[in-house]
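Single-letter residue listing:
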Amino acid sequence: MVRGVRGKWCGTLLLAAALAVGGTSGCGPGVEPAPGGPPSDVTAPASPPTDPPATGPTTAPATASPDPRPAEVLVEVVVNGGLAGVRNQLVVHYDGTWTVDSGTKPPRTGRQTPAEAAELRAALEDPAYARVPDRPAGNPIPDGFQYFITYRHHLVVADDGDRPPALRRVFAALPEGGPPTGP
């Protein structure tokens, strides 16, 4: 037996070759393999499912996105820069709970009202927000802030320059009146 990486690759290749030959030969119960290899017009018979039947609730189709859990992160906003050189992070969850980490200070936490949380979700789900540029177009403002907004695995970077109305709407709906810019 050959050990090491080469041995693992060889074993994997042999297994893959054996599966490929067996899977494409049309062999199965009551089907004789063709001499010299499978003809191109033979298809493999359908095999019965080998997984046990599901006993729990059925799952949604792959195209439907499941409802988020209340504790899942809705949006994350990181603020860098300013005269004091801050690096603050705001995390808001779907249920409206939020945490702000500001440098060496202890984290601040809170909870939005259901109406405030709904307003933030609506601002983030607005089609106009989806069209906000990923990066600022102008020159950065000296000693200004940079904002990194992550929503549904999509990052938008903004600065203190001109902000599209959809981004201003998201900022206005954030806890404590906007992104955390204080040191």
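The structure displayed is predicted, hence computed values, not measured ones. (Residues numbered from 1 in each chain as written. Predicted model: local features only at pLDDT ≥ 70, side-chain atom pairs only at ≥ 80, totals over all residues. Heavy atoms only, no water.)

Regarding the packing of aromatic side chains
Counted only if it meets this: Any pair of Phe, Tyr and Trp rings, taking the six-membered ring for Trp, is counted once the centres come within 6.5 Å. Such a pair is stacked with planes under 30 degrees apart, edge-to-face with planes over 60 apart, and tilted for the rest. A 1.4 Å probe rolled over the protein chains alone gives each residue an accessible area, and that area as a share of the maximum for its type sets the label: buried under 20%, exposed over 50%, partly exposed in between.
A full pass over the atoms with the stated rule returns two aromatic pairs. Between Phe145 and Tyr147, the ring centres sit 6.3 Å apart and the planes meet at 45°, which makes this aromatic pair tilted. The pair formed by Phe145 and Tyr147 is uniform in burial state, with each residue classed as buried. Of the aromatic side chains, those joined through ring pairs into one cluster are Phe145, Tyr147 and Phe171.

Considering helix H2 (residues 114-125)
An α-helical segment advances 3.6 residues per turn. Residues three or four places apart therefore align on the same side. For clarity, the cut-off: Put simply, DSSP H or I for four residues or longer makes a helix, DSSP E for two residues or longer makes a strand, and each gets a number counted from the N terminus. Residue count minus one, scaled by 1.5 Å, sets the expected span of a helix. Two residues form a contact once any of their heavy atoms are found within 4.5 Å.
Compared with the 16 Å implied by 1.5 Å per residue over 12 residues, the 16 Å span of H2 between its first and last C-alpha is a close match. On the buried face of H2, the contacting elements are strand S1 (73-81), strand S2 (86-93), helix H3 (127-130), strand S5 (145-151) and helix H4 (165-173).

Quick look at the nonpolar core
As a reminder, the rule being used: Throughout, nonpolar core names a set of buried Ala, Val, Leu, Ile, Met, Phe, Trp, Tyr and Cys residues whose side chains join them through atoms within 4.5 Å.
The biggest cluster of nonpolar side chains holds 27 residues, and the ones touching the most others in it are Val75, Leu120, Leu124, Tyr129 and Ile149. Looking at this core, the elements that each hand over two or more residues are S1, S2, strand S3 (97-102), H2, S5, strand S6 (154-159) and H4. By residue number, the principal contributor to this core is H4, which donates five residues. Contact partners of Ile149, with chain neighbours within four places excluded, come to Val75, Glu76, Val77, Tyr129, His154, Leu155, Val156, Ala158, Leu167 and Phe171.

A short note on the packing of H2 against H4
Note the threshold: Only the stretch in contact is used when fitting a helix axis, every axis being a line fitted to C-alpha atoms; angles between N-to-C directions are given from 0 to 180 degrees. Any angle that falls under 35 degrees is termed roughly parallel, while one over 145 is termed roughly antiparallel, one within 65 to 115 roughly perpendicular, and all others oblique. Here a crossing is called left-handed whenever its near helix is offset anticlockwise from the far helix by less than a right angle, and right-handed whenever the offset is clockwise. Polar here means any residue other than Ala, Val, Leu, Ile, Met, Phe, Trp, Tyr, Cys and Pro, which are nonpolar, and Asp, Glu, Lys and Arg, which are charged; Gly is therefore polar.
Put simply, H2 and H4 touch, their axes get as near as 9 Å, and they point 160° apart. The orientation of H2 with respect to H4, classified from their angle, is roughly antiparallel. Remark: the crossing between H2 and H4 carries left-handed chirality. Two secondary-structure elements touch here, H2 through Glu119, Leu120, Ala122, Ala123 and Leu124 and H4 through Arg169, Val170 and Ala173. Of the residues assigned to the contact of H2 with H4, the class counts are six nonpolar, no polar and two charged.

Considering the side chain of His93
So the rule is basically this: Polar contacts, as counted here, are pairs of nitrogen or oxygen atoms within 3.5 Å of one another; within protein the pair requires one atom able to donate a hydrogen and one able to accept it, and residues that are adjacent in sequence qualify only if both atoms are side-chain atoms.
Residue position: His93 is located in strand S2. A polar side-chain atom of His93 sits 2.6 Å from the main-chain carbonyl oxygen of Ala71. Apart from residues no more than four positions distant in its own chain, His93 is found in contact with Pro70, Ala71, Glu72, Val73 and Leu74.

Thoughts on the pattern of salt bridges
Quick note on the threshold: Salt bridges are identified by distance alone: a Lys or Arg side-chain nitrogen within 4 Å of an Asp or Glu carboxyl oxygen.
A full pass over the atoms with the stated rule returns six salt bridges. A salt bridge links Arg152 to Glu125, with the nearest nitrogen and oxygen atoms 3.8 Å apart. In this pair, Arg152 sits in the loop between S5 and S6 while Glu125 sits in helix H2, placing the two residues 27 residues apart along the sequence. A residue is classified by how much of its surface remains accessible, and Arg152, at 55% relative accessible area, is exposed. Classification of Glu125 by relative accessible area gives partly exposed; the value is 44%. For Arg169, the salt bridge identified is with Asp126, shortest N-O distance 3.0 Å. One end of the pair, Arg169, is in helix H4; the other, Asp126, is in the loop between H2 and H3, and 43 residues separate them in sequence. For Arg169, a relative accessible area of 30% corresponds to the partly exposed category. Relative accessible area serves as the criterion here: at 21%, Asp126 is assigned to the partly exposed category.

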